[in-house]
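Architecture at a glance
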Amino acid sequence: MTVDSEAGREAGGAVPAVRQHLVLPDAVRRLSTLAEPDYADLFTLTTAGAAARSPEQWACAVLEDAAGWQGQFVWRRILGLRLQGRPTPGCVAGWEIDGRGDDWIRLEAHSRMITGQLVLRVEEGQASLSTFIRYRKPSGARVWTRLTPLHHKLVPGLLRDGHRILQDAAAA
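Residues numbered from 1 in each chain as written. Predicted model: local features only at pLDDT ≥ 70, side-chain atom pairs only at ≥ 80, totals over all residues. Heavy atoms only, no water.

1. Things to note about the overall build of the protein chain
Spelled out, the test is: The helix count covers DSSP runs of H or I at least four residues long, the strand count covers runs of E at least two residues long, and both are numbered beginning at the N terminus. With C-alpha atoms as the basis for the radius of gyration, the globule rule is written as 2.2 Å multiplied by the number of residues raised to the power 0.38. Exposure categories follow from relative accessible area, calculated using a 1.4 Å probe and restricted to protein chains: below 20% of the type maximum is buried, above 50% is exposed, and the middle band is partly exposed.
Helix and strand counts for the protein chain come out as four helices and eight strands. Its helices and strands taken in sequence order, the protein chain reads β-β-α-β-α-α-β-β-β-β-β-α from the N to the C terminus. The C-alpha atoms of the protein chain give a radius of gyration of 15 Å, which matches the 16 Å a tight globule of 172 residues would have. C-alpha atoms of the protein chain, sized along the principal axes, occupy 45 × 40 × 30 Å. Sorting the 172 residues of the protein chain into buried and exposed places 45% on the buried side.

Written out as structure tokens, the structure reads:
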């Protein structure tokens, strides 16, 4: 089952479709190394030419450029994730690159409350972002449960903004 999101028009009026998948395919679940995550989701943006950019380029556009300081605030201050402070090889937006393949990249970060993984996967015609959370303490479940509605609201816009950023860079 999927849920469509319509927020966030691009220049020219085109709105790339973003879908939240309520059931994750096994192929996506296998990209996480968290044994039995407590939370998992998948959002997919449909757009022609998605595979023209690498998963790492998509990750940088979505997490560094689109999420920006607001993402850093949530990740560091609210979730307490220990992220790298400066741009560092082997990291995207402070998240450690934990694994990669030709069409995907997995990022990981830890706090006292949770372990989080983000997986960006790029295929012809679509780019997707999956979030996997493992609670390390009961407080992790309480905090993440409160953040989940905001997460569901913001991720489609982050994917669209990342897409626009990549298009603008290609046109420059």
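Don't stop here, the text continues.
2. As for the environment of arginine 160
Within the fold, arginine 160 resides in helix H4 (residues 138–171). Each C-alpha atom, one on arginine 160 and one on valine 62, is 8.4 Å from the other, the two residues being 98 residues apart in sequence.

3. Description of the nonpolar core
What counts is decided by this rule: To form a nonpolar core, buried Ala, Val, Leu, Ile, Met, Phe, Trp, Tyr and Cys residues must be joined to one another through side-chain atoms within 4.5 Å. Any pair of residues with heavy atoms lying within 4.5 Å of one another is described as a contacting pair.
Core analysis: the largest hydrophobic core is formed by 37 residues, its most contacted members being Trp58, Leu63, Trp75, Leu81, Trp95, Leu107 and Leu159. Those elements that provide at least two residues to this core are strand E3 (39–46), helix H2 (55–66), strand E5 (95–101), strand E6 (104–110), strand E7 (114–123), strand E8 (126–135) and H4. Other than its neighbours up to four places away in sequence, tryptophan 58 contacts Leu45, Thr47, Ala50, Arg53, Leu120, Val122, Ala127, Leu159, Gly162, His163 and Leu166. Of all hydrophobic cores here, the second largest spans eight residues; its members include Val28, Leu34, Leu42 and Val119.

4. As for the side chain of serine 32
As a reminder of what qualifies: The term polar contact refers here to a pair of N or O atoms within 3.5 Å; inside protein, the definition further demands a hydrogen-donor-capable atom paired with an acceptor-capable atom, and it admits residues adjacent in sequence only when both atoms are side-chain atoms.
Topologically, serine 32 is positioned in the loop between helix H1 (26–29) and E3. Polar side-chain contacts of serine 32 include one of 3.1 Å to the backbone nitrogen of leucine 34. Aside from chain neighbours lying at most four places away, what touches serine 32 is Arg106, Gln117 and Phe132.

5. Examining the packing of aromatic side chains
As a reminder, the rule being used: Note on aromatic pairs: the rings of Phe, Tyr and Trp (six-membered ring only in Trp) are paired at centre separations within 6.5 Å, and the planes decide the class, stacked below 30 degrees, edge-to-face beyond 60, tilted for the rest.
Enumeration according to the criterion identifies two aromatic pairs in this entry. Here tyrosine 39 and tryptophan 144 contribute two aromatic rings whose centre-to-centre distance is 5.3 Å and whose plane-to-plane angle is 65 degrees, an arrangement assigned as edge-to-face. Of this pair, tyrosine 39 sits in strand E3 while tryptophan 144 sits in helix H4, and the two are 105 residues apart along the sequence. Taking the centre distance of 5.7 Å and the plane angle of 90 degrees together, the rings of tryptophan 75 and tryptophan 95 count as edge-to-face. Within this pair, whereas tryptophan 75 is found in helix H3 (residues 68–78), its partner tryptophan 95 is found in strand E5, the two being separated by 20 residues in sequence. Given a relative accessible area of 4%, tryptophan 95 falls into the buried group.

6. Description of the environment of valine 62
With respect to the element layout, valine 62 can be found in helix H2. Owing to a relative accessible area of 0%, valine 62 belongs among the buried residues under this scheme. Considering only alpha carbons, one finds valine 62 and proline 37, 25 residues apart in sequence, at a separation of 23 Å. In this structure valine 62 touches Ala67, Leu158, Leu159 and Gly162, once residues within four positions along its chain are discounted.

7. Here we look at the layout of surface pockets
Empty pockets left among the atoms are what a rolling probe the size of a water molecule brings to light. Rules: Grid spacing is 1 Å over the protein atoms alone, the probe is 1.4 Å, and a cavity is where that probe fits but cannot get out, while a pocket is an open set with protein on both sides within 12 Å along at least five of seven lines and lining residues have an atom within 4 Å of a point. Grid points are joined across faces, edges and corners, and a volume is the space filled by probe spheres set on the points. Note on residue classes: Ala, Val, Leu, Ile, Met, Phe, Trp, Tyr, Cys and Pro are nonpolar, Asp, Glu, Lys and Arg are charged, and everything else, Gly too, is polar.
Counted as a void, the largest pocket has a volume near 470 Å³. Taken together, 23 residues line the largest pocket, and the ones lying closest to its centre are Val74, Trp75, His151, Leu154 and Leu158. When residues of the lining of the largest pocket are traced back to their parent elements, those giving at least two are H2, H3, E7, E8 and H4. Split into classes, the residues belonging to the lining of the largest pocket amount to 18 nonpolar, five polar and no charged.

8. Things to note about H2
Convention followed: Think of it as the arc spanned by the lines of direction from the helix axis to the C-beta atoms.
Of all the residues in H2, the buried ones are Pro55, Trp58, Ala59, Ala61, Val62, Leu63 and Ala66. Along H2, the residues classed as buried sweep out an arc of 165 degrees about the axis, all on the same side. Within two residues after H2, glycine 68 carries a phi angle of roughly 50 degrees, on the positive side.

9. Some remarks on the pattern of salt bridges
Cut-off, in case you're wondering: The rule for a salt bridge is simple: a side-chain nitrogen of Lys or Arg has to be within 4 Å of a carboxyl oxygen of Asp or Glu.
Evaluated as defined, the whole model comprises seven salt bridges. Put simply, arginine 100 and glutamate 56 hold a salt bridge, and the shortest N to O gap is 2.8 Å. With arginine 100 in strand E5 and glutamate 56 in helix H2, this pair connects stretches of sequence that are 44 residues apart. Classification of arginine 100 by relative accessible area gives partly exposed; the value is 47%. Using a relative accessible area of 28% as the deciding quantity, one classes glutamate 56 as partly exposed. In this structure, arginine 164 and aspartate 161 form a salt bridge, with 4.0 Å as the shortest nitrogen-oxygen distance. Taken together, the residues arginine 164 and aspartate 161, both in helix H4 and three residues apart, mark about one turn of the helix. Sharing partners across several salt bridges, the network here consists of Asp103, Arg121 and Glu123.

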